[in-house]
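Summary of structural features
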Amino acid sequence: MLVYADMKLDCRPDSVTVVWTEGRSQADPSLFRLGSCFPTSFSATQAVFRVDFDDCSFRRLVTGDYLMYTNDLTYGLSSDSQSVASTHPVVCAFKRPKDWFPVIYDPVFSTHGVGHLVFHLGLMNDDFSGPAESTTFALGSFIPIMASVSQKTHQPLLLLLEECVAATTQELKPESPVYPIIANKGCLVDSRMSHSKFEPRQKLSELQLSLQAFRFGLGEEVFIHCKLVAWDPNGLDITKKACHYVKEHGWELLDNYAYSTLCDCCDSDCKSRRTRSLDSGRLGVAQKAVLGPLTIIDETS
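First, a word on scope: everything that follows refers to the structure included in this document. Owing to the predicted nature of the structure, the values given are computational and were not obtained by experimental measurement. Counting from 1, residues in each chain are numbered in the order their sequence is written. Totals for whole chains, interfaces and linings use all residues, but because this is a predicted model, local features are given only for residues with pLDDT of at least 70 and pairs of side-chain atoms are given and counted only at 80 or more. Only hydrogens and water are set aside when side-chain values are computed; all heavy atoms of the structure are taken into account.

**Observations concerning the overall build of the chain**
Stated formally: Secondary structure is summarised from DSSP: a helix means a run of H or I of at least four residues, a strand means a run of E of at least two, and numbering begins at the N terminus for each. Exposure is judged per residue with a 1.4 Å probe applied to protein chains only, and the accessible area is read against the type maximum: over 50% gives exposed, under 20% gives buried, and values in between give partly exposed. The contact criterion used throughout is that any non-hydrogen atoms of two residues lie within 4.5 Å. Per-residue accessibility takes into account occlusion by the displayed protein chains alone, with areas from the Shrake-Rupley method and a 1.4 Å probe.
Looking only at helices and strands, the chain has 0 helices and 22 strands in total. Across the 301 residues that make up the chain, the buried fraction comes to 46%. Nonlocal contacts in the chain, meaning residues at least 24 apart in sequence, comprise 63% of its contacts between residues at least 6 apart. In the form shown here, the chain has an accessible surface area of approximately 16,100 Å², with 51% of it arising from carbon and sulfur atoms.

**Observations regarding the sheet that holds strand 16 (residues 187-188)**
To be explicit about the condition: When DSSP finds two or more bridges between a pair of strands, those strands are recorded as paired.
Taken together, 3 strands build an open sheet; the order of strands is 16-20-21 and the sheet is mixed. Each edge of the open sheet is held by one strand with a lone partner, namely strand 16 and strand 21 (250-253). Looking at chain direction, strand 20 (residues 243-246) and strand 21 are connected through 4 bridges and run antiparallel. Opposite Tyr245, over in strand 21, you have Trp251 as the bridge partner.

**A short note on the packing of aromatic side chains**
The cut-off we apply is this: Each pair of aromatic rings taken from Phe, Tyr and Trp, with Trp reduced to its six-membered ring, is defined by centres within 6.5 Å and is described as stacked if the planes are under 30 degrees apart, edge-to-face if over 60, and tilted in the remaining cases. Both a distance and an angle decide whether a charge sits over a ring: NZ of Lys or CZ of Arg must be within 6 Å of the ring centre and within 35 degrees of the ring normal.
Scanning all chains against the criterion turns up 9 aromatic pairs. Between Tyr245 and Trp251, the ring centres sit 5.4 Å apart and the planes meet at 75°, which makes this aromatic pair edge-to-face. A relative accessible area of 10% means that Trp251 is categorised as buried. The rings of Phe53, Phe58, Tyr69 and Phe94 are connected pair by pair, giving a single aromatic cluster. Sitting over the face of the ring of Tyr245, Arg192 holds its NZ or CZ atom 4.1 Å from the ring centroid.

**Considering the side chain of Glu162**
In plain terms, the rule: Any pair of nitrogen or oxygen atoms within 3.5 Å is treated as a polar contact; in protein, a donor-acceptor pairing is required on top of that, and neighbouring residues in sequence qualify only through side-chain atoms on both sides.
Looking at the secondary structure, you find Glu162 in strand 14 (residues 158-167). The class of Glu162 is buried, set by a relative accessible area of 6%. Of the polar contacts made by the side chain of Glu162, one reaches the side chain of Lys185; its length is 3.4 Å. Contact partners of Glu162, with chain neighbours within four places excluded, come to Ile182, Ala183, Lys185, Gly186, Lys227, Val229, Thr239 and Lys240.

The following block contains the structure:
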């Protein structure tokens, strides 16, 4: 059993018990959340969660010889609360069994860790409230995709999708046929010819994409290859942005419509005269991820 200040963790192979003991008299333990879950029980001074790792939006990360499950214990404020909102990391790490290997592909989620950041790319249900129940989509319907980055001790970062392409193979090769979705440093080029769009941002660390199902790879297994970037929210420029095309309006910047001129290059070439390396870690971190397989079908044929 591990103890972090007022939080106790009891990590089991498939589940965890989290007990938060609150010493502040003005705090309300019922306002604690573990990922997407409410407390299993609570009293005047404690919030208790007894949950499986398959629930509450836990993230799984395989690194070296360890299998890790991560989540966030958050405290939200009620209208009459005078307490400060807070977030505490919840991490359960296990020695990876010698005969256990991660599946080559998870059709719904793709999770990658870089330093203190954990990137996540997933298929969601229609209202982005949970994971997708199916990986089959009708031609013309929307494929809800959410990209996110989990930030522990890092400065606040903005999550961007720099590029995404669809392919019929899990690994991209020079000869692989691809369908461009996001290109030119954050331009949702597919929205030029479809109703695909970025949804209004709920958190800096999340980006929701409603992708209209396309004909490319129709009836086959399709993989979506993306480059995710966690970036300084004050460092947006023509190479770090999220732009989509709105019919009768043109290109719009998701995060600030008033600065949509950053998207003017989406029909040409978005290159900055300044060079700022991601490798320096000064402004952000990049990570490639693959989502799939998913299948697009034509229900009219």
